[in-house]
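Report on the structure
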Amino acid sequence: MDRYEDCTLKLNGTYCLVQFVLVSDTQSGLLDMINEYSSNKNTRYNHSLLRHGICVPEQCSYANKKDQVSSLEACLNDTYWQKYKLKTKVLQPLQCNTDVKEPIVFAAGNVVVLVIIIVIIIMNLVGTLYHSCLMNSRGNRFLLCFSIKQNISKLRTSYTNLDDDEQQIKCFHGLRLTPSYALILVFTITWLGHLGSGTFWQVAIMSEVEWCRESWLYYLFYINNYVNSNRCMYHSWYMASNVQVMILGYFVCVLARGRSAKIWTMAILIAVGTIIPAAHTFYQDLDAVLFVSPE
């Protein structure tokens, strides 16, 4: 890897993050050994799939801006052929950055989200200050809703000590998180991409921003774990699963009124929920548990 800062500070310096695979036109014992070693993807990196950071034109003197892929591939071929008698195949798209700062254009959505966040922060400060100045526990309920002090206290409160209004809200424990969840989602879509820069930022963050822009509706309606396979807010699969189970639970409570009916319904749901994933995993030859592979 070339140094990103040193490259972009040079005249006409362009830093490109290039992902490529090792190939060979003829039989190669070295490549066969690499592929065999990398075949166990659960415990080993794929050493035939590499990523290099290349400074253009310093490390790739005959780079052609019109066809960067072919030019960078030629540079890599020179190096790998001389050292290992192997060639490379560059994968697209390339991630290239220069020190030239492009003007940032904020859409109307960015402004709206920023205003909402500022208003929430101001309300938190006002509500907390108002709560701290109260002489007794009674006060304006709207302002107290934004009190950080009061909300921290409620987070520590057991469900058994909630009042009637809070008990009703508890019944919708999945949906009550929707406003906060939606705010994080729109922040990811609008502002997250502006918080950093660089080649790795493009790969790690901007790709997620684009995924979220394409599929935000699935996430907002908690169906992303069924109809969407990209990695926008990957951790949010739990939110969708939680809300779906909550809705299913309400149907069970409404439709199965008698004690016996509820017991049979729960038994059937447990059996179905156990058999279907097991059968699906077996017949589709899937991993039964999540494997966090090196790649």
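This structure is a prediction, so every number in the text was calculated from the model and none was measured.

Focus: the overall build of the chain
When helices and strands are tallied, the chain shows twelve helices and three strands. Expressed as a percentage of the 295 residues in the chain, the buried residues total 26%. Within the chain, contacts between residues separated by at least 24 positions form 58% of all contacts whose residues are at least 6 apart in sequence. When the accessible surface of the chain is totalled, it reaches about 21000 Å², and 62% of it is carbon and sulfur.

What to know about the packing of helix α4 (residues 108–133) against helix α8 (residues 178–190)
At a minimum axis distance of 10 Å, the contact between α4 and α8 shows a crossing angle of 135°. One element, α4, and the other, α8, form an angle in the oblique class. Of the two possible hands of crossing, α4 and α8 adopt the one that is left-handed. Across the interface between the two elements, Gly109, Asn110, Val113, Ile116, Ile117 and Ile120 of α4 pack against Leu183, Val186, Phe187 and Thr190 of α8. Across the contact of α4 with α8, the residue classes tally to seven nonpolar, three polar and no charged.

Topic: the state of the cysteines
Under the definition given, this model contains three disulfides. Here Cys16 engages in a disulfide with Cys96; their sulfurs sit 2.1 Å apart. The sign of the 110° torsion about the S-S bond sets the Cys16-Cys96 disulfide as right-handed. Of this pair, Cys16 sits in strand β1 (residues 14–23) while Cys96 is found in strand β3 (residues 87–98), placing the two residues 80 residues apart along the sequence.

Quick notes on the pattern of salt bridges
Opposite charge on two side chains lets them pair, provided their charged atoms get close. In total, this model carries three salt bridges according to the counting rule given. Asp6 serves as the salt-bridge partner of Arg3, at 3.0 Å between the closest nitrogen and oxygen. Residues Asp25 and Lys87 are paired through a salt bridge, measuring 2.7 Å at the closest nitrogen-oxygen approach. Of the two residues, Asp25 sits in the loop between β1 and α2 (29–38) while Lys87 sits in strand β3, which places them 62 residues apart along the sequence. On the basis of relative accessible area, Asp25 is assigned to the exposed category, the value being 63%.

Overview of the environment of Leu255
With respect to the element layout, Leu255 can be found in helix α11 (residues 237–255). It is 9.6 Å that separates the C-alpha atoms of Leu255 and Thr265, two residues lying ten residues apart in sequence.

Side note on the sheet that holds β1
Across the sheet, three strands lie side by side as β2-β1-β3; this open sheet has antiparallel pairing. Edge positions in the sheet fall to β2 (49–56) and β3, since each has one partner strand and no second. On average, adjacent strands in this sheet sit at an angle of 25° to one another, irrespective of strand direction. Of the strand pairs in this sheet, β1 and β2 are connected by eight bridges, and their pairing is antiparallel.

Some details on the packing of aromatic side chains
Going through the model one piece at a time under the given rule, you end up with six aromatic pairs. Taken together, a centroid distance of 5.6 Å and an interplanar angle of 70° make the contact between Phe20 and Tyr80 edge-to-face. One end of the pair, Phe20, is in strand β1; the other, Tyr80, is in helix α3 (residues 68–84), with 60 residues separating them in the sequence. On the numbers, 6.2 Å between centres and 90° between planes, the contact of Trp237 with Tyr238 is edge-to-face. Judged by its relative accessible area of 51%, Trp237 falls in the exposed class. What makes Tyr238 partly exposed here is its relative accessible area of 49%. The residue whose ring lies beneath Arg44 is Tyr37, and the NZ or CZ to ring-centre distance is 4.3 Å.

Brief notes about the nonpolar core
Counting 17 residues, the largest nonpolar core has Val18, Phe20, Leu22, Ile54, Leu72, Leu76 and Val90 as the members making the most contacts within it. Listed by contribution, the elements that provide at least two residues to this core are β1, α2, β2, α3 and β3. Here this core gets five residues from one element, more than from any other, and that element is α3. Aside from chain neighbours lying at most four places away, what touches Leu22 is Leu31, Ile34, His47, Ser48, Leu50, Tyr80, Leu86, Lys87 and Thr88.

A closer look at the UniProt feature "transmembrane region" (unreviewed entry) in the chain
In this structure's numbering, the residues bearing the UniProt feature "transmembrane region" (unreviewed entry) are residues 104–130, 180–201, 237–256 and 263–283. End C-alpha to end C-alpha, residues 104–130 measures 38 Å, and it is 85% helix and 0% strand. End-to-end, the C-alpha atoms of residues 180–201 are 25 Å apart, and along that stretch the chain is 64% helix and 0% strand.

Points about α3
Taking 1.5 Å per residue as the helical rise, α3 with its 17 residues ought to reach 24 Å, and the 23 Å between its terminal C-alpha atoms agrees with that figure. Of all the residues in α3, the buried ones are Val69, Ser71, Leu72, Cys75, Leu76, Asn77 and Tyr80. Along its buried surface, α3 packs onto β1, β2 and β3.

Rules of the game
Residues numbered from 1 in each chain as written. Predicted model: local features only at pLDDT ≥ 70, side-chain atom pairs only at ≥ 80, totals over all residues. Heavy atoms only, no water. Helix = DSSP H or I, 4+ residues; strand = E, 2+ residues; numbered from the N terminus. Buried < 20%, exposed > 50% of the residue type's maximum accessible area, 1.4 Å probe, protein only. Contact = heavy atoms within 4.5 Å. Areas by Shrake-Rupley, 256 points an atom, 1.4 Å probe, with all protein chains shown as cover. Axes fitted to C-alpha atoms, helices over the stretch in contact; angles between N-to-C directions. Parallel < 35°, antiparallel > 145°, perpendicular 65-115°, else oblique. Left-handed = near helix turned anticlockwise from the far one by under 90°. Nonpolar A, V, L, I, M, F, W, Y, C, P; charged D, E, K, R; others polar. Disulfide = S-S within 2.5 Å. Salt bridge = Lys/Arg side-chain N within 4 Å of Asp/Glu carboxyl O. Pairing = 2+ DSSP bridges. Phe/Tyr/Trp six-rings, centres within 6.5 Å; stacked < 30°, edge-to-face > 60°. Lys NZ or Arg CZ within 6 Å of the ring centre and 35° of its normal. Core = buried A, V, L, I, M, F, W, Y, C linked by side-chain atoms within 4.5 Å. UniProt positions renumbered as here; feature names shortened; annotations may be inferred. Expected span 1.5 Å × (residues − 1).

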